[in-house]
Amino acid sequence: MGAGPNQAAFNEVLLWTRAAEASCAAGRTRQAVREFQSLERLIAARTAPREDAPRGDDPER
């Protein structure tokens, strides 16, 4: 079974999430905050509207 087109992006988000959670659980709060902030930027970059994205009246886009 092949990986879907978004599998690499999902794996990257999952990796950052687990790293941040592990840092938090280990008491490394400063590192955890930095990792969660990086995760936030990663998600924001992936969900930001693109200039080349199709525009239309479809609310699902």
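Above this text you will find the structure in question.
Starting from 1, residues in each chain are numbered consecutively following that chain's sequence as written. Local features in this predicted model are restricted to residues whose pLDDT is 70 or higher, and side-chain atom pairs enter the listing and the counts only when it is 80 or higher, whereas totals over whole chains, interfaces and linings include all residues. In computing side-chain values, all of the structure's heavy atoms are included and hydrogens and water are not.

The subject of this paragraph is the overall build of the chain. Within the chain, the regular secondary structure consists of 2 helices and 0 strands. By residue count, 13% of the 61 residues in the chain fall in the buried class. Under the DSSP-based scheme used, a helix requires at least four consecutive residues in state H or I and a strand at least two consecutive residues in state E, with every element numbered from the N terminus. For each residue, the accessible area found with a 1.4 Å probe, counting protein chains only, is set against the maximum for its type, and the residue is called buried under 20%, exposed over 50%, and partly exposed in between.

Here we come to the side chain of Ser23. Mapped onto the elements of the fold, Ser23 is located in helix α1 (residues 7–25). A residue is classified by how much of its surface remains accessible, and Ser23, at 1% relative accessible area, is buried. Here Gln31 takes part through its side chain, which lies 3.5 Å from a polar atom of the side chain of Ser23. Looking at Ser23, its side chain comes within polar contact range of the side chain of Glu35, at 2.8 Å. When neighbours within four sequence positions are excluded, Ser23 is seen to be in contact with Arg28, Gln31, Ala32 and Glu35. The definition of a polar contact used here is a pair of N or O atoms within 3.5 Å, where within protein one atom must be able to donate a hydrogen and the other to accept one, and adjacent residues in sequence count solely through side-chain atom pairs. The contact rule is simple, with two residues in contact once any of their heavy atoms fall within 4.5 Å.

One less than the residue count of a helix, multiplied by 1.5 Å, gives the span that helix is expected to have. Counted at 1.5 Å a residue, the expected span for α1 with its 19 residues is 27 Å, and the 26 Å between its end C-alpha atoms agrees. Taken together, the buried positions of α1 are occupied by Ala9, Ala20 and Ser23. Looking straight down α1, one finds that the buried residues subtend no more than 65° of arc, so they occupy a single side. Opposite the packed face of α1, turned more than 90 degrees from it, sit the exposed residues Ala8, Leu15, Arg18 and Ala25. In this context, the arc is that of the directions from the helix axis out to the C-beta atoms.

With that settled, the discussion passes to the pattern of salt bridges. By salt bridge we mean one thing: a side-chain nitrogen of Lys or Arg within 4 Å of a carboxyl oxygen of Asp or Glu. Considering all chains together, one arrives at 1 salt bridge under this definition. When the shortest N-O distance is used, the salt bridge between Glu12 and Arg46 registers 2.5 Å. In this pair, Glu12 is assigned in helix α1 and Arg46 in helix α2 (residues 29–47), connecting sequence segments 34 residues apart.

Shape is all these values report; function is a separate question.
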